Amino acid sequence: MWQSTIIKVVCWFIVTFVAGGVTGILLSGGDLDTGVHDSYYVVAHFHYVLSLAASFGILAALFHFYRSWVGVMLSEFVCGFCMVGMVGGTNGSF
């Protein structure tokens, strides 16, 4: 049952990485790049690709390997609460 939360976190990793990639494709065009240079759009792009996608990957690994590291299984509620808080906080920021 706890694997469903891991799958959700991995899916959010893919979503944030693709969202950051799509903004990178838009930034590769010269016209838009000069217009949004040094703006929150560029900052959000880097944070989505580098920080948020990596954080979701680390969170999924933590949920998966916690049982073998500590010997106690995390509850589904705690994992879901962490995931919802992280998804809401990161998408609310950018």
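Everything numeric in this text was worked out from a predicted model, so none of it was measured.

## Topic: the packing of aromatic side chains
Across all of its chains, the model carries 3 aromatic pairs by this definition. Taken together, a centroid distance of 6.0 Å and an interplanar angle of 25 degrees make the contact between F13 and F17 stacked. Taken together, the residues F13 and F17, both in helix α1 (residues 3-28) and 4 residues apart, mark about one turn of the helix. Taking the relative accessible area as the measure of exposure, F13 reaches 30% and is therefore partly exposed. We classify F17 as partly exposed; its relative accessible area is 46%.

## A word on the nonpolar core
The biggest cluster of nonpolar side chains holds 10 residues, and these are I6, V9, F56, L59, A60, F63, C79, M83, M86 and V87. Listed by contribution, the elements that provide at least two residues to this core are α1, α3 (40-70) and α4 (76-93). In contact with A60, other than residues within four places in its own chain, are I6, V9 and V10.

## Some words on the packing of α3 against α4
It is at 11 Å that the axes of α3 and α4 come closest, and there the two elements cross at 180 degrees. Taken together, α3 and α4 sit at an angle that is classed as roughly antiparallel. Listed contacts from α4 to Y48, L52, S55, F56, L59 and F63 of α3 are C79, C82, M83, M86, V87, T90 and N91. When its residues are assigned to classes, the contact of α3 with α4 shows 10 nonpolar, 3 polar and no charged.

How each quantity is defined
- Residues numbered from 1 in each chain as written.
- Predicted model: local features only at pLDDT ≥ 70, side-chain atom pairs only at ≥ 80, totals over all residues.
- Heavy atoms only, no water.
- Phe/Tyr/Trp six-rings, centres within 6.5 Å; stacked < 30°, edge-to-face > 60°.
- Helix = DSSP H or I, 4+ residues; strand = E, 2+ residues; numbered from the N terminus.
- Buried < 20%, exposed > 50% of the residue type's maximum accessible area, 1.4 Å probe, protein only.
- Core = buried A, V, L, I, M, F, W, Y, C linked by side-chain atoms within 4.5 Å.
- Contact = heavy atoms within 4.5 Å.
- Axes fitted to C-alpha atoms, helices over the stretch in contact; angles between N-to-C directions.
- Parallel < 35°, antiparallel > 145°, perpendicular 65-115°, else oblique.
- Nonpolar A, V, L, I, M, F, W, Y, C, P; charged D, E, K, R; others polar.

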